[in-house]
Amino acid sequence: MFRYVLRRLLGAIPTLFLIVTGAFFLIRVAPGGPFDRERTLEPTVMANLNRVFHLDEPLWQQYFYYLGNLARGDLGPSFVYRDFSVGQLLASGLPVSMTLGGLALLLALVVGGILGCIAALRQNTGIDYAVIATATFGITVPNFVVAPLLALVFGVWLSWLPAGGWNDGNPANLVLPVIALALPQIAVVARLIRGSMIEALRSDHVRTARAYGLPTWMIVIIHALRAACLPAVSYIGPAAAGLLTGSIIIEQIFGLPGIGRYFVTGALNRDYTLVMGTVIIIAIFVVLFNLLVDVLYALLDPRVRYD
Amino acid sequence: MTQPRSPLFELDDIHVSFATPDGPVEAVRGVSMQIARGETVAVVGESGSGKSQAMMAAMGLLAGNGQVTGAARFNGDNLIGQSKRALDRIRGAKITMIFQEPMTSLDPLYTIERQIAEPLMVHGGLSRRKARARALDLLELVRIPNAKARLGAYPHELSGGQRQRVMIAMALANDPDLLIADEPTTALDVTIQAEILGLLADLQTRLGMAILFITHDLGIVQALADRVYVMRHGVVVEHGPTDRIFAAPETAYTTMLLDSEPTGRKAPVAPEAETVMDARGVTVTFTTPAGFLSRPSAPIHAVRAVNLSLRRGETLGVVGESGSGKSTLGRAVLQLLPSEGRVSFLGTSISGLDRSAMRPYRKSLQMVFQDPYGSLSPRMTVGEIITEGLLVHAPELSAKDRDARARAALQEVDLDPAVRNRFPHEFSGGQRQRIAIARALVLHPTLIVLDEPTSALDRSVQKQIVTLLRDLQIRHAMSYIFISHDLAVVRALADHVMVMRDGTVVEAGSTAQIFDDPTSNYTRRLMRAAFDLSTVLSEQSVART
């Protein structure tokens, strides 16, 4: 298994390299530049800025210059947030996004998993239909509707919780954004677990467990749930990478200093280095979580072996 | 015959019905039967006769849409309507079950040690350590070789026979009074079947439990059962002592079951018939190529240097147990798998031809598969399925001509041509296999490779398909390569037989020679396990005492 993980990590290097290269040239191809404003700058100022940031050099030279810095762990200065380097921006924003995303993922797995199991065990009853209806609702209603509603109801009208702000990660400030972020994931996980659980409960080996008089909790948790988790595990990989790297919508609505907004503001302002920084972070998360899913899969299912 | 005064287990007017979108379906309609302590009883019937569902209902294992009425008494207590808690004091402790599919009946995610230990801990109150120690004893009892090393194995690491031994170990764990064995050997090879049945018979004499066999295989019934219940369409049509049922069946249905062994022999072809296929040194080796930073896996030799020759109108039966390479050989001669060796068809070499080069020959070289469910596309009508090949091989035909060919092909396989607008799921297994044969037939092939075409079918349906295949062969002067593990079917169809084991040919010759006077020990063992189960079982028990 160790060899496998090592092999996968080594194999990720060319993947990341291709992503970096693709993203680098794509963003440069986009029209406009980081210093184009509605009011155009003095040509000399523009030229100076371009020289400072090496933007006057040929593209391939800029590319190798960027790669060189990247190899030393330097993501470069941000063009828009002038007083910060991209590294600093990500270092301050990433913990916020990861805290929110991690909690939302946990919530989604626990609540979604439990709801899915209950629905499967009570298949075709009122409880089952209620879970499915709620899940469908959760998937269809976008979080830019849910988030302001939550803030309005619990933050403004009832004043139970702060309606926004980070406040150094005070738990009360986390509740609403985490719920808003988790709701669609809860819905997806509940549906996935319900489906695979129904299948698992009908399988021959669960019939064996029932024929041997095992108690219900053993049948459900030990014999059905472990098998039912497998499809959910494959879903969680990409979902986790998405959640942990921040959500622009939730961060904007609740006024949180995560990294989700950087991707959008960076792209809109042609902040080349900031875009590259967020692309690299997201790519690393996707690669890592896919690896984690594969390892988890092998731990859950002894038929899967990589060595 | 004398009924035991108080039966150990008794079904009393059991009815089972399933709620379906088309209304309730009655699967079992008033079944009553008894089994006494230590007795061996068989319930026989074809698929859909309700024999399994009656037992499932008694054990509270029906699917969610199932409804049961009647009584199932174990030692006088009615099990039906009991709470799960009350049932669980009996299930897995006093009554245990083993099932047809030993692969899926065990949980693939846990070691066999754990799965044997669970019922011991639940019912016997054993500690985990004691349960694991007992699991080892049980594995030794069911004669798993090198039991200690096998404790930590997962089901997929065991062979089919070993998995069924593990199921038996689980069943014996709590010293049951009754063991219900639902088609326990149907998925196994004949020699493994003989071993498993021998094991069960031996354990029964040592441990004294009653065994209830649910089976469609009359060979098993005759070899093992004291009494027999014959079921059809959800009712018991006949019951009595095994000897009486076999010697003097009272109903036409039982008589039909008893002679549903395929009969008749293939008529020999004229000696001047041309050679259709000739293959020399066919070898198939499977390797996994080396990947990024990984070494290639050890090559698997699935077929090693096999020769075969087939004349027009002839049938070559290829027999062997699972994993012997017989299906791989069938695919290799049709160039559906990369292989070494030389294969010629009607005098032209076809070995090594790629897909497009093979296309002109595909029309003449057809294949029919085992699983009539899996090999017909569920989203196409029967007419579309049958005529699909014509679109490729006879594009000049108009839609009307194709339809005419489809009707003719359906008539040839004794199906009403009107069915061509229906979908595969509307047909029974036997009808689907007829459709698969019609699909091959519509192209007027010269050679058909039939890969276990009758294995998924009931005996009586098998017999019809065998007769059909023989008739079609004479009518169209086709040659068959008939791949099967079922020796009785091969005997009724083949001119020549090839016995394969581990990718090589153990023995080859005319059908009469192989069946009446086999030279190799392996073939002899195969024949005896298939045709003389009783003797094999009694010899096994003598050998053990």
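Residues numbered from 1 in each chain as written. Chains lettered and ligands numbered in written order. Predicted model: local features only at pLDDT ≥ 70, side-chain atom pairs only at ≥ 80, totals over all residues. Heavy atoms only, no water.

Caption draft 1: Summary view of the overall build of chain B. In terms of regular secondary structure, chain B is built from 21 helices and 20 strands. For chain B, the C-alpha atoms occupy an extent of roughly 70 × 55 × 50 Å along the three principal directions. Looking at chain B residue by residue over its 545 residues, the buried ones come to 52%. Excluding contacts between residues fewer than 6 apart, the proportion of contacts in chain B whose partners are at least 24 apart in sequence is 70%. (Helix = DSSP H or I, 4+ residues; strand = E, 2+ residues; numbered from the N terminus. Buried < 20%, exposed > 50% of the residue type's maximum accessible area, 1.4 Å probe, protein only. Contact = heavy atoms within 4.5 Å.)

Caption draft 2: Representation of the interface of chain A and chain B within the structure. Listed as interface residues are 25 residues of chain A and, on the opposing side, 34 residues of chain B. Taking both sides of the interface into account, the surface hidden between chain A and chain B amounts to around 2600 Å²; carbon and sulfur atoms contribute 61%. One can count zero salt bridges joining chain A with chain B. Mapped onto the side of chain A that touches chain B, the elements with two or more residues apiece are helix 1 (2–29), helix 8 (204–211) and helix 9 (216–244) of chain A. Within the side of chain A that touches chain B, the residues separate by chemical class into 11 nonpolar, six polar and eight charged. (Buried area = accessible area lost by both parts, 1.4 Å probe. Salt bridge = Lys/Arg side-chain N within 4 Å of Asp/Glu carboxyl O. Nonpolar A, V, L, I, M, F, W, Y, C, P; charged D, E, K, R; others polar.)

Caption draft 3: Spotlight on helix 9 of chain A. Residues and elements named next belong to chain A. Taking 1.5 Å per residue, 29 residues should reach 42 Å; helix 9 reaches only 36 Å between its end C-alpha atoms and comes up short. Largest kink in helix 9: about 50°, centred on L225. Where helix 9 ends, the next residue or the one after it, G246, has phi of about 90°, a positive value. (Expected span 1.5 Å × (residues − 1). Bend = angle between axes of the 7 residues up to and from the residue.)

Caption draft 4: Region of the structure containing the pattern of salt bridges. All names here are of chain B. Scanning all chains against the criterion turns up 31 salt bridges over all chains. Across the salt bridge formed by R37 and D177, the nearest N and O atoms sit 3.8 Å from each other. With a gap of 140 residues between them, R37 in the loop between strand 2 (23–35) and strand 3 (40–44) and D177 in the loop between helix 7 (160–172) and strand 7 (178–182) connect regions that are remote in the sequence. As a salt-bridge pair, R434 and D414 come within 3.8 Å of each other at their nearest N and O atoms. With R434 in helix 16 (residues 429–441) and D414 in the loop between helix 15 (399–412) and helix 16, this residue pair connects regions lying 20 residues apart in the sequence. The class of R434 is buried, set by a relative accessible area of 11%. Residue D414 is classed as exposed on the basis of its relative accessible area, which comes to 57%. Several salt bridges converge on common partners, so that one network encompasses E10, D12 and R73.

Caption draft 5: Here's a closer look at the confidence of the model for chain B. Taken residue by residue, chain B gives an average pLDDT of 88. The fraction at 70 or more is 97%. Both scores are given for the predicted complex: the pTM is 0.82, the ipTM 0.79. (pLDDT = per-residue confidence, 0-100.)

Caption draft 6: Here's a closer look at the layout of surface pockets. Residues and elements named next belong to chain B. In this structure, the second largest pocket spans a volume of roughly 650 Å³. What lines the second largest pocket is a set of 23 residues, and nearest its centre among them are L336, R362, L365, Q366 and H393. If you list the elements that add at least two residues to the lining of the second largest pocket, you get helix 13 (355–362), strand 16 (365–368), helix 14 (382–393) and helix 16. Broken down by element, the residue count for the lining of the second largest pocket peaks at six residues, all from helix 14. Grouping the amino acids of the lining of the second largest pocket by side-chain chemistry returns 13 nonpolar, four polar and six charged. (1 Å grid on protein atoms, 1.4 Å probe; cavity = no way out; pocket = protein on both sides within 12 Å on 5 of 7 lines; lining within 4 Å. Points joined across faces, edges and corners; volume = space filled by probe spheres on them.)

Caption draft 7: View of the pairing of strand 2 of chain B. Residue and element names in this part refer to chain B. Across 10 bridges, the pairing between strand 1 (residues 9–20) and strand 2 is antiparallel. If you follow V16 over to strand 2, its bridge partner there is V28. Counted between consecutive antiparallel strands, the loop separating strand 1 from strand 2 contains two residues. (Pairing = 2+ DSSP bridges.)

Caption draft 8: Representation of the packing of helix 4 (residues 112–124) of chain B against helix 5 (residues 128–141) of chain B in the model. Residues and elements named next belong to chain B. Direction vectors running N to C along helix 4 and helix 5 enclose 115°, while the axes themselves pass 8 Å from each other. By crossing handedness, the relation of helix 4 to helix 5 is classed as right-handed. Across the interface between the two elements, I112, E113, R114, I116, A117, L120 and M121 from helix 4 touch R128, A131, R132, R134, A135, L138 and L139 from helix 5. The residue inventory of the contact of helix 4 with helix 5, partitioned by class, reads nine nonpolar, no polar and five charged. (Axes fitted to C-alpha atoms, helices over the stretch in contact; angles between N-to-C directions. Left-handed = near helix turned anticlockwise from the far one by under 90°.)

Caption draft 9: Structural view of the packing of helix 14 of chain B against helix 15 of chain B. All names here are of chain B. Close contact between helix 14 and helix 15 brings their axes to 9 Å; oriented N to C, the two are set at 115°. Between helix 14 and helix 15 lies a crossing of right-handed hand. Contacts from V382, I386, T387, L390 and L391 in helix 14 reach R402, R405, A406, A409 and L410 in helix 15. For the contact of helix 14 with helix 15, the class distribution of residues is seven nonpolar, one polar and two charged.

Caption draft 10: Seen up close, the sheet that holds strand 17 (residues 447–451) of chain B. Residue and element names in this part refer to chain B. Spatially, 16-17-18-13-19-20 is the arrangement adopted by the six strands of the open sheet, whose pairing is mixed. Edge positions in the sheet fall to strand 16 and strand 20 (504–510), since each of these pairs with one other strand and no more. Going from strand to strand, the sheet's axes swing by 15° on average, the running direction of each strand aside. Bridging between strand 13 (residues 315–320) and strand 18 (residues 479–484) involves five bridges; their strand directions are parallel. Across the sheet, residue V318 finds its bridge partner in strand 18, namely I483. Helix 12 (residues 326–333) contacts strand 13, strand 16, strand 17, strand 18 and strand 19 (496–501) of the sheet and is inclined by roughly 155° relative to strand 18. Taken strand by strand, helix 16 contacts strand 16 and strand 17, and its axis lies near 170° from that of strand 16.

Caption draft 11: Main features of the nonpolar core. One finds F9, L11, L139 and L178 of chain B to be the most contacted residues of the largest nonpolar core, which totals 141 residues. Sequence-distant contacts of F9 of chain B, that is, excluding residues within four places in its chain, are made with M33, Q34, I35, M55, A58, R73, F74, L79, I95, L178 and L212 of chain B. Counting residues in each nonpolar core, the second largest holds 53 residues, with Y66, V86, I259 and V275 of chain A among its members. (Core = buried A, V, L, I, M, F, W, Y, C linked by side-chain atoms within 4.5 Å.)

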